[in-house]
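Per-entry structural report
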Protein chains: 2
Amino acid sequence: MRPGLSLLRGLPCFRGLPDEVLAEVDQLASIIVVDHAQELVRQGQKPDKLYYVIEGQIALSSTAPDGSTAVVEVVHPPGDVVLASLVLDLPYLQTAYAVTRSRLIAIEADGLRALLARTPQMAIGMLQTLSRDFRALIRQIRDLKVRTAAQRLGAYLLALVPDPAATEATFRLPFEKGLLAARLGCRQENLSRAFAALRELGVETRGARVTLHDIPRLTAYAMPDYLNDPELARPGQEAMVAAG
Amino acid sequence: MRPGLSLLRGLPCFRGLPDEVLAEVDQLASIIVVDHAQELVRQGQKPDKLYYVIEGQIALSSTAPDGSTAVVEVVHPPGDVVLASLVLDLPYLQTAYAVTRSRLIAIEADGLRALLARTPQMAIGMLQTLSRDFRALIRQIRDLKVRTAAQRLGAYLLALVPDPAATEATFRLPFEKGLLAARLGCRQENLSRAFAALRELGVETRGARVTLHDIPRLTAYAMPDYLNDPELARPGQEAMVAAG
């Protein structure tokens, strides 16, 4: 099934493109569904499709030469899967698989690269979305270099709080703890230790259910990125920082 | 002083652009020199220029809300400084400063963004260079998540060996150990421990001078990225892996 112009127009990458260009993209595209744990692309293979997540969650993992594997990111709608490799036509650095049953737009790689060469205005939207993804990786590198595992976990949990003005919150972890540990860059036993360390700061877990009993205190401990990053700032948070 | 068309044409970002477009870029550009430790851009400021390093080394550091600072990357010629922030016109996530006296091409941000909107074919080269930078960050995230500090240091030292077929090598570290520790994401005392751990694997240091006495052994320990990454593979290395 083709995605159709209105779905394509909603992707940040294609925003502002004229209908005749979107119609060409539509000809190269289809909607696919992948089941939980199903592999979408494999590290080392040449890109044959570009994907946009429209429902679900896709994990991107990367295996080092010694066989150890890191989860680099978990992509949510409307994120792309492997744009940089597609642009360069170089082997994927990452394996992508579905964390939950997911729906995606899949676009033929060769056709898309040819269309891009003919229609360079498409490159501007791609450059903008890749720039946003790039800045997210810069933040993650900083996170890995300066925070402890417990602070990384705290900052991660705070980002899941829907109401920025809340002082307490309860929610479910978006995926299981093994994947969370891999995303945060620690072993599972270190994640358990990190949860234990956060207990004193009012973080309670029961399975996948997490309650933050004292958000200001956890914020003061984990110092999440939105505190000094206007791109991430959430209404209410700035006031909280100014006050505390 | 303007850089001139031939220097601009040599930048991967502008490769293949017609002379009339390069002439417009040239009108927006100048060559600047920054001294050791001089700041080029500061985290939190709006981008006013895009920089390309043509000589020297520029460190990119990023400060978390608690004040702790990570060195994200050290940029060598012909790398760019802060392309992603310029594209989005969002505040810099990083502070850039000169590690050594450096020469750069500085291009006016507003003029360049206007030119980009008028001349979308420029976006293709930018998309390609940003894609390469993006893949380097993916590798760094994997490095931080799966390797110990000693393995990261070993992989870093192996990347400095000029002759891929060598079994021994002597070279100088490109910058001082404080910056090296920050780039590798460890404290300076951990870097000293990492050097000590590598001593048994034939890594000898005297100040900034490093000798690798047994490259195959260090390679087997650190398992650097080029062992399973065709983009990084160096002639001779593949044979070495196949043999070992």
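The structure displayed is predicted, hence computed values, not measured ones.

1. Some details on the relation of the copies chain B and chain A
Least-squares fitting of chain B to chain A yields an RMSD of 0.0 Å, with the transformation described by 0.0 Å of translation along the axis and a rotation of 180 degrees. On this basis, the relationship between the two copies can be described by a two-fold rotation axis. The overlap is high: 100% of the interface residues of chain B also sit at the interface in chain A, so the same surface is used on both sides.

2. Looking at the domain arrangement of chain A
Residues and elements named next belong to chain A. Each domain of chain A was delimited in the assignment, giving domain 1 (5-145) and domain 2 (148-243). Centre-to-centre separation of domain 1 and domain 2, based on C-alpha positions: 27 Å. The partner domain 2 presents 12 residues to the 15 residues of domain 1 that form the contact. Summed over both partners, the interface of domain 1 with domain 2 comes to about 1,200 Å²; 44% of that surface belongs to carbon and sulfur atoms. On the domain 1 side of the interface with domain 2, the three residues burying the most area are Val71, Arg139 and Asp143, jointly 39% of the side's total. In this assembly, domain 1 and domain 2 are joined by six salt bridges. When the shortest N-O distance is used, the salt bridge between glutamate 231 and arginine 139 registers 2.8 Å. Viewed at the interface, domain 2 and domain 1 are joined by eight residue pairs in polar contact (both at pLDDT 80 or more).

3. A few points about helix α2 (residues 19-28) of chain B
Residues and elements named next belong to chain B. For α2, the complete set of buried residues consists of Val21, Leu22, Val25 and Asp26. An end-on view of α2 places all buried positions within 145 degrees of arc, on one side of the element. Set apart from the buried face of α2 by more than 90 degrees, the exposed residues are Glu20 and Gln27. Where the residues of α2 are buried, they touch α1 (5-9), β1 (29-34), β8 (102-108), α4 (109-118) and α5 (121-146).

4. Overview of the packing of aromatic side chains
Residue and element names in this part refer to chain A. According to the stated counting rule, one finds four aromatic pairs over all chains in the structure shown. Taking the centre distance of 6.5 Å and the plane angle of 50 degrees together, the rings of tyrosine 156 and phenylalanine 175 count as tilted. With a gap of 19 residues between them, tyrosine 156 in helix α6 (residues 149-159) and phenylalanine 175 in the loop between β9 (169-172) and α7 (177-184) connect regions that are remote in the sequence. An identical accessibility class is assigned to tyrosine 156 and phenylalanine 175; each is buried.

5. Comments concerning the sheet that holds strand β6 (residues 80-81) of chain A
All names here are of chain A. Across the sheet, four strands lie side by side as β1-β8-β3-β6; this open sheet has antiparallel pairing. The open sheet terminates on both sides in strands that have one partner only, identified here as β1 (29-34) and β6. Contacting β1 and β8 (102-108), helix α2 (residues 19-28) crosses the sheet at an angle of about 45 degrees to β1. Those strands touched by helix α4 (residues 109-118) are β3 (49-55) and β8, and its axis lies near 60 degrees from that of β8.

6. Considering unusual backbone geometry
Residues and elements named next belong to chain A. In this model, proline 77 is joined to proline 78 through a cis peptide bond whose omega is 0 degrees. Among the secondary structure elements, proline 78 is positioned in the loop between β5 (69-75) and β6. Non-glycine residue aspartate 89 carries a positive phi angle of around 55 degrees. Mapping aspartate 89 onto the fold places it in the loop between α3 (83-88) and β7 (95-98).

7. Considerations on the interface of chain B and chain A
Taken together, the 57 residues of chain B in the interface contact 57 residues of chain A. In this assembly, chain B packs against chain A so that about 4,900 Å² is buried in total across both faces, 77% of it on carbon and sulfur atoms. Between chain B and chain A we count zero salt bridges in total. For the pair chain B and chain A, the interface holds 18 residue pairs in polar contact (both at pLDDT 80 or more). Taken together, the elements giving at least two residues each to the side of chain B that touches chain A come down to β4 (58-63), β5 (69-75), α3 (83-88), α4, α5 and α7 (177-184) of chain B. Take the side of chain B that touches chain A: its biggest share by element is 21 residues, from α5 of chain B. Split by residue class, the side of chain B that touches chain A holds 32 nonpolar, 13 polar and 12 charged.

Conventions and cut-offs
Residues numbered from 1 in each chain as written. Chains lettered and ligands numbered in written order. Predicted model: local features only at pLDDT ≥ 70, side-chain atom pairs only at ≥ 80, totals over all residues. Heavy atoms only, no water. Least-squares fit on C-alpha atoms with pLDDT ≥ 70 in both. Contact = heavy atoms within 4.5 Å. Domains from an automatic or database assignment. Buried area = accessible area lost by both parts, 1.4 Å probe. Salt bridge = Lys/Arg side-chain N within 4 Å of Asp/Glu carboxyl O. Polar contact = N/O pair within 3.5 Å; in protein donor to acceptor, adjacent residues only side chain to side chain. Buried < 20%, exposed > 50% of the residue type's maximum accessible area, 1.4 Å probe, protein only. Helix = DSSP H or I, 4+ residues; strand = E, 2+ residues; numbered from the N terminus. Arc of directions from axis to C-beta. Phe/Tyr/Trp six-rings, centres within 6.5 Å; stacked < 30°, edge-to-face > 60°. Pairing = 2+ DSSP bridges. Axes fitted to C-alpha atoms, helices over the stretch in contact; angles between N-to-C directions. Nonpolar A, V, L, I, M, F, W, Y, C, P; charged D, E, K, R; others polar.

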